[in-house]
Amino acid sequence: MSSVSAATSRDSASAYRWVVMGIWVSGTVVAFMIISTIGILMPAISDELGLSPFQQGMLGSAAYWGNLTLAIPVGWWASRFAPKILTTVTMLLGTLFLLAQALSPGFVVLILARVAFGITVIARQPARAFLTQQWFPSRQVVMLNSISNAMFGLVVGGGIAASPFILSALGDSWRATLLSFVALFAAITLVWMIFGKERITPEYRGQLGVQGVDVLRGTLRQRDLWIAGFGFVGPTAAWSAFLSFYPTLMLDTHGMPLFWSGGILAVGVLMGGLSGLVLGWVATAYDRGRVILLFNGVAIGITFVGMTLTGSLPLLLVLTFCNGIAFGFWPVLFSSPFHLPGMRPREIAVSLSFIQMSSSAGIAIGPLIAGALQQATNDLRLSLVVVSFASLTLCAAGLFMRHGLSSRMASE
């Protein structure tokens, strides 16, 4: 089966586009699910390897270290390759690096394998930009990303909720749990290799003229891209700190079992995915993207703080429910590169790598800050409270962005 579909009609695109993007997004959200379950596995890993709080923070953020320094050059380099082969190679490598984590003899190998796995995720992002432009009109980009965000909530939230049970069923072995994730990721890789396709139209081919350093120049000249990236840093820092340390906080402070703390985090992730569908539609139909960013940045910080102050399960469920709704901002801000003026396919591909780098920066520094603060103050709750207010960077994006948030641009 050829990887490139020569069909150019709208009917042909409609018939297969959801299959292509559904498989592609499934591979990405499963990768993030695997990364995000580190908080559930952390007590078992720490017991076996004897990790300090700061080492735990390092492990929680390691999957995103490479993204901080390599996202732009890797995105620029990877954007030269066809999305089918780029996705296939990065998923195969990701499977191998995930296997290396499960079999790692010690902390150093484990953390290096997590770094490498994260690099394969960022290297795959240009393929998303190309496939989106090949198969979807501009006016549907926000909705596509809203559906992708919903899948993220379902898969990542479901994975976090299920991982304590998987861990228990496998004899509390974090290695066996990771091996089960290896099998899942390998299966999705095989499905992509069989069913993943491209759709090259004359219009798309004509937009690929920009090459070389012009790609970077055209991308990094965009003021609003930098602001959007800054907006992602704070919420993702708070989120990753909670993923890494919240189960430990609730276990030590309230004796809450991992399946309950994991379930609380999973509810938030699930609601974030589902609310993204609604907020993405609101942003597109009613031009309310700016308001969404301003309100949700405050709501994320307040609800995270509240989650550290109570052990009441009903109240925690309400707080994480509201927190998840606030994280529905994701498709609104993530879609902004597609609607910035004058952007061409490879520039959009590099822009998505830049956005991914920005969110990775937050995810990487969140556990590091929380771990360092805990080690300095011996107060994990205080550490998480401090990191919670990083979400206010989202408000700054809502205040200062000029383009990329308008429903009028999205419908052009």
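The model shown is predicted, which means the values in this text are computed figures rather than measured ones.

Attention shifts here to the packing of helix H5 (residues 83-102) against helix H7 (residues 125-135). At a closest axis distance of 9 Å, the pairing of H5 and H7 adopts a crossing angle of 145°. The two elements H5 and H7 cross, and the hand of that crossing is left-handed. Residue-level contacts link Pro83, Leu86 and Thr87 of H5 to Pro126, Ala127, Phe130, Leu131 and Gln134 of H7. Here the residues of the contact of H5 with H7 are counted per class, giving 6 nonpolar, 2 polar and no charged.

Another point: the environment of Phe259. Looking at where Phe259 falls in the secondary structure, it is placed in helix H13 (residues 258-286). Between the C-alpha atoms of Phe259 and Ser168, which are 91 residues apart in sequence, the distance is 9.8 Å. If sequence neighbours within four positions are ignored, Phe259 has contacts with Pro164 and Phe165.

The next thing to look at is a nonpolar patch on the surface. A grouping of Val19, Leu92, Leu190, Val191, Met193, Ile194 and Phe195 is seen on the molecular surface, where their side chains present a nonpolar patch of about 560 Å² in accessible area. The dominant element in the nonpolar patch, judged by the number of residues it contributes, is helix H9 (residues 174-195), at 5 residues. With respect to the helices and strands, the residue Leu92 is situated in helix H5. For Leu92, a relative accessible area of 41% gives the class partly exposed.

So, on to the pattern of salt bridges. Tallied over the full model, the rule gives 2 salt bridges. A salt bridge links Asp224 to Arg223; its shortest N-O distance comes to 2.9 Å. Classification of Asp224 as buried rests on a relative accessible area of 3%. What makes Arg223 partly exposed here is its relative accessible area of 35%.

Here we take up the nonpolar core. Ranked by internal contacts, the top residues of the largest apolar core, which has 104 residues, are Leu59, Tyr246, Phe329 and Leu384. With 13 residues, the single largest contributor to this core is helix H12 (residues 223-254). Here Tyr246 is in contact with Ala241, Ile264, Leu265, Met307, Leu316 and Leu384, once residues within four sequence places are set aside.

Looking now at the packing of aromatic side chains. By the definition in use, this model includes 13 aromatic pairs. Here the aromatic rings of Trp226 and Phe354 are separated by 4.9 Å at their centres, their planes lie at 70°, and the arrangement is edge-to-face. A residue pair is termed long-range when its members are at least 10 positions apart, and Trp226 in helix H12 and Phe354 in helix H17 (residues 345-377) qualify at 128 residues. Between Phe329 and Trp330, the aromatic rings sit 6.1 Å apart at their centres with planes inclined by 45°, giving tilted as the arrangement. The exposure class of Trp330 is partly exposed, given its relative accessible area of 22%. Members of the aromatic cluster, each reached through a chain of ring pairs, are Phe232, Phe242, Tyr246, Phe304, Phe327, Phe329 and Trp330. Between the NZ or CZ atom of Lys197 and the centre of the ring of Tyr16, over which it lies, the distance is 5.0 Å.

Looking at the secondary structure, you find Thr236 in helix H12. Under the relative-accessibility criterion, Thr236 is labelled buried at 2%. A distance of 3.0 Å separates a polar side-chain atom of Thr236 from the backbone oxygen of Val233. Discounting chain neighbours no more than four positions away, the residues touching Thr236 are Trp330, Ser358, Ser359, Gly362 and Ile363.

Another aspect to go through is unusual backbone geometry. For Asp172, which is not glycine, the phi dihedral falls at a positive 60°. The residue Asp172 is located in the loop between helix H8 (141-169) and H9 in this model. Among the residues examined, Asp172 registers a relative accessible area of 54% and is labelled exposed. A positive phi is found at Asn378, a non-glycine position, where the angle reads about 60°. Structurally, the position occupied by Asn378 is in the loop between H17 and helix H18 (380-388).

Taken N-terminus to C-terminus, the directions of H8 and H13 make an angle of 175°; their axes are 8 Å apart at the nearest point. By the angle between their axes, H8 is roughly antiparallel relative to H13. Residues of the contact of H8 with H13, tallied by class, amount to 20 nonpolar, 10 polar and no charged.

About the thresholds
Residues numbered from 1 in each chain as written. Predicted model: local features only at pLDDT ≥ 70, side-chain atom pairs only at ≥ 80, totals over all residues. Heavy atoms only, no water. Axes fitted to C-alpha atoms, helices over the stretch in contact; angles between N-to-C directions. Helix = DSSP H or I, 4+ residues; strand = E, 2+ residues; numbered from the N terminus. Left-handed = near helix turned anticlockwise from the far one by under 90°. Contact = heavy atoms within 4.5 Å. Nonpolar A, V, L, I, M, F, W, Y, C, P; charged D, E, K, R; others polar. Patch = residues over 30% accessible without salt bridge, like charges linked within 9 Å, V, L, I, M, F, W, Y side chains within 5 Å. Areas by Shrake-Rupley, 256 points an atom, 1.4 Å probe, with all protein chains shown as cover. Salt bridge = Lys/Arg side-chain N within 4 Å of Asp/Glu carboxyl O. Buried < 20%, exposed > 50% of the residue type's maximum accessible area, 1.4 Å probe, protein only. Core = buried A, V, L, I, M, F, W, Y, C linked by side-chain atoms within 4.5 Å. Phe/Tyr/Trp six-rings, centres within 6.5 Å; stacked < 30°, edge-to-face > 60°. Lys NZ or Arg CZ within 6 Å of the ring centre and 35° of its normal. Polar contact = N/O pair within 3.5 Å; in protein donor to acceptor, adjacent residues only side chain to side chain. Parallel < 35°, antiparallel > 145°, perpendicular 65-115°, else oblique.

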